[in-house]
Structures are given as structure tokens and as C-alpha cells.
Amino acid sequence: MKKIPILMVVEDDRLTLKVYEKLLSPHFEIIFCSSVEEYFNNLNLNKFDMFIVDISLKSDVDGVQLIRGLREMDAYKNTPVIVITAHAFMRDERKAMDAGATEFLRKPIDNKYLLESLARYVN
């Protein structure tokens, strides 16, 4: 039996979390984090196969900083980190990619395209 990938979603918008839940739950075991605090509380509870991270979080810590922290951890040096954000500026994409993001997607995103993007990183 094939293992279901474990995905952490870091997104502070509740409506977006509901959309992700409906779209992604048939394909992933998902841990949803609506705050940076939840992210840190959940990070060591599982070995995650993939991350979806928003750039803008209602915190002093943003998604780029979370990605940098992941890349400093041996367990997550090569784990796919997909940024999905409303930040449309090239400088935001450059910062995220320089921090170690695997892919940068802009909201709104087509559901089919998102699933195809995530499927590329599932082993």
C-alpha cells in the first residue's frame, strides 16, 4: 500500500485553509497551521514530505524566514517547499527562492494547476 504524503500548510487565512482542505485532503495527510506558533508546535510531531507556505503571515516572522529555518535543518534540506502567495512582485519571488523555496505560485491559483504542481514532488 502506497504511503500518503504528509503535507504541512502554513497559511493564516481561514478561507484559504478551507479551500486547501477540500482540494488536498484526498491526496495528502495534512497538518494545517494558521499561525507561526502552530507551525513551530507541529514541526517536530511528524516528518513532513512537503510544505505549502504563505509569505505574509500575521506575525513578526514571515514565510521566507520559515523557509530559511527549514533549509537549515538536516531533515528538511531537500524537502519540497511550495510558496503560494498573493505577493506578486518579482522581489518577493526572488527572496523566497533565495531562501530555498522549491516553487513560487501566485494567488489566485487554478486548483488543477496546484494539484499538478504538488504531484511533481510526490515520490
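Here, the structure is the one placed above.
I will try to describe carefully the structure that is included in this document. For clarity, every value in this text was computed on a predicted model and none was experimentally measured. Starting afresh in each chain, residues are numbered from 1 along the sequence in its written order. Residues qualify for local features only when their pLDDT is at least 70, as the model is predicted, and side-chain atom pairs are given and counted only at 80 or more; totals for whole chains, interfaces and linings, by contrast, use all residues. Working from all heavy atoms in the structure, the side-chain values ignore hydrogens and water.

### Description of helix 3 (residues 63-71)
Note on exposure labels: buried denotes an accessible area under 20% of the residue type's maximum, exposed denotes more than 50%, and partly exposed covers the range between, all computed with a 1.4 Å probe on protein chains only. Each helix corresponds to a stretch of at least 4 residues labelled H or I by DSSP, and each strand to a stretch of at least 2 residues labelled E; elements are numbered beginning at the N terminus. The complete set of buried residues in helix 3 reads G63, V64, L66, I67, L70 and R71. Taken end-on, helix 3 shows its buried residues confined to a sector of 160°, consistent with a single buried face. Its buried side turned inward, helix 3 meets strand 1 (6-10), helix 2 (36-43), strand 3 (50-53), strand 4 (81-85) and helix 4 (90-99). Definition of a polar contact: a pair of N or O atoms within 3.5 Å, with one able to donate and the other able to accept a hydrogen when the atoms are protein atoms, and with sequence-neighbouring residues admitted only if both atoms are side-chain atoms. Sitting at the amino-terminal end of helix 3 is D62, which places a side-chain oxygen 3.1 Å from the backbone nitrogen of V64. Taken from the helix axis, the directions to the C-beta atoms give the arc we talk about. Residues are treated as being in contact if the distance between any of their heavy atoms lies within 4.5 Å.

### Regarding the sheet that holds strand 5 (residues 103-106)
One bridge is not enough; two strands pair if DSSP finds at least two bridges between them. Pairing is parallel across the open sheet formed by five strands, whose spatial order is 2-1-3-4-5. The open sheet has two edge strands, strand 2 (29-33) and strand 5, and neither has a second partner. Strand-to-strand twist across the sheet, computed as the mean angle between neighbouring axes with direction ignored, equals 20°. Where strand 1 meets strand 2, five bridges bridge the pair, whose relative direction is parallel. By the bridge assignment for strand 2, L7 is matched with I30. Structural elements are reduced to axes, namely lines fitted to C-alpha atoms, with helices fitted over the stretch in contact, and the angle between N-to-C directions of any two is expressed from 0 to 180 degrees. Sheet strands touched by helix 4: strand 4 and strand 5. Its angle to strand 5, the strand with the most contacts, is close to 150°.

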